Amino acid sequence: MQIGIVGLGRMGGNIAKRLMRAGHDCAVYDISADARTALGEVGARPAETLEGLVASLTEGPRAIWVMLPAGKITEGTLAHLASCLSPGDILIDGGNSYYKDDIRRAADFAKTGIRYVDVGTSGGVWGLERGYCLMIGGDKEAVDHLDPIFAALAPGKGEIEETPSRGHLDPRAEQGYIHAGPAGAGHFVKMVHNGIEYGMMQAYAEGFHILDSKGSDVLPPGERFELNIADIAEVWRRGSVVTSWLLDLSAIALAKDPDLTGFSGHVSDSGEGRWTIEAAIEEAVPAEVLTAALFTRFRSRTDNTFAEKMLSAMRLGFGGHVEKP
């Protein structure tokens, strides 16, 4: 089907490429002429303006996927696009917007007949090849119309073992995407997903820090071990109950740089962890691990340890996040 893509950065460009590989017709726009040209060279139809992008979509209802940083740039772009669209057309925000903003936007756009869909998109810089795990919020009719797009972006069942007793549940979840609920539900689920990610990353980081410090001179000489951290990460990937993609990324980073000297340990947070803790407070749900993981990132900006370097290495691995100076 035909779709417009706005924002051709690390994820937006790869989303367009993955859709084109599946036979979809992608019109694309980015403020960078180089980014537009690069996508045009692999089969996309570049537009020089947002108005031009909308005009290039000839199949109704028109659908435009916005993949931009959360905040003012996304707000402004969605509003601009809405002014160019017609009732029944669909706007999709695939970035990491705050779910309450989605609820507000959906209500505002509905007044003019434009349908709004929010998509929590997980997959980072690896999504082109691995596919994207998608958590979708919005009107059922709009989401169903976009199903060929979501199915193309999702990773599919792959070789993951089937979960018993799922016969009565939505088969799309096994393909790597779900319709989570009304507008805002997709980004809410992705927000909590990222909050959990903080906790998982922190657990790995602290564990590797303990291993790395086993040779410390604060210990009695007979209790010191010089451990090969890269080998430990690798062996844990093989049949261990703590195996995961984050562990895979950790093993890659440690094999390249066992002391993680290429990282300062200054760990940023992109907002979803904070929003997850805010949701926990609103719901009166205890979230000790996730809160501690978020606060550790704050502390990392003044005092860095091997654990923080491990966090930085994982963030670079899955999302291409480069440490701020």
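Scroll up for the structure.
Residues numbered from 1 in each chain as written. Predicted model: local features only at pLDDT ≥ 70, side-chain atom pairs only at ≥ 80, totals over all residues. Heavy atoms only, no water.

(A) Highlighting the sheet that holds strand E7 (residues 133-138). Across the sheet, eight strands lie side by side as E3-E2-E1-E4-E5-E6-E7-E8; this open sheet has mixed pairing. A strand with exactly one partner marks an edge of an open sheet, and here the two such strands are strand E3 (45-46) and strand E8 (177-181). As paired strands, strand E1 (residues 2-6) and strand E4 (residues 63-66) are joined by three bridges and run parallel to one another. Bridge pairing in E4 places glycine 4 opposite isoleucine 64. Seen against the sheet, helix H5 (residues 99-110) touches strand E5 (90-93) and strand E6 (115-122) and runs at an angle of roughly 155° to E6. (Pairing = 2+ DSSP bridges. Helix = DSSP H or I, 4+ residues; strand = E, 2+ residues; numbered from the N terminus. Contact = heavy atoms within 4.5 Å. Axes fitted to C-alpha atoms, helices over the stretch in contact; angles between N-to-C directions.)

(B) Expanded view of helix H4 (residues 72-84). With 13 residues, H4 should reach 18 Å at 1.5 Å per residue; the first-to-last C-alpha distance of 19 Å fits that figure. Among the residues of H4, Thr74, Thr77, Leu78, Leu81 and Ala82 are the ones counted as buried. Down the axis, H4 shows its buried residues gathered within 135° of arc, on one side only. Facing away from the buried side of H4 by more than 90 degrees, the exposed set consists of Lys72 and Ser83. Buried positions along H4 lie against E1, helix H3 (50-56), E4, E5, H5 and E6. (Expected span 1.5 Å × (residues − 1). Buried < 20%, exposed > 50% of the residue type's maximum accessible area, 1.4 Å probe, protein only. Arc of directions from axis to C-beta.)

(C) Molecular detail of the pattern of salt bridges. What the rule picks out here adds up to 21 salt bridges. For lysine 157, the salt bridge is made with glutamate 162, and the minimal N-O distance between the two is 2.8 Å. Residue lysine 157 is classed as partly exposed on the basis of its relative accessible area of 28%. A salt bridge links arginine 237 to aspartate 248, with the nearest nitrogen and oxygen atoms 2.8 Å apart. Of this pair, arginine 237 sits in the loop between helix H11 (229-236) and helix H12 (245-256) while aspartate 248 sits in helix H12; the two residues are eleven residues apart in sequence, bridging distant segments of the chain. On the basis of relative accessibility, which here comes to 21%, the residue aspartate 248 falls in the partly exposed class. Where salt bridges share partners, they join Glu75, Asp93, Asp101, Asp102, Arg104 and Arg105 into one cluster. (Salt bridge = Lys/Arg side-chain N within 4 Å of Asp/Glu carboxyl O.)

Everything listed here is a matter of coordinates, which is why it stays silent on function.
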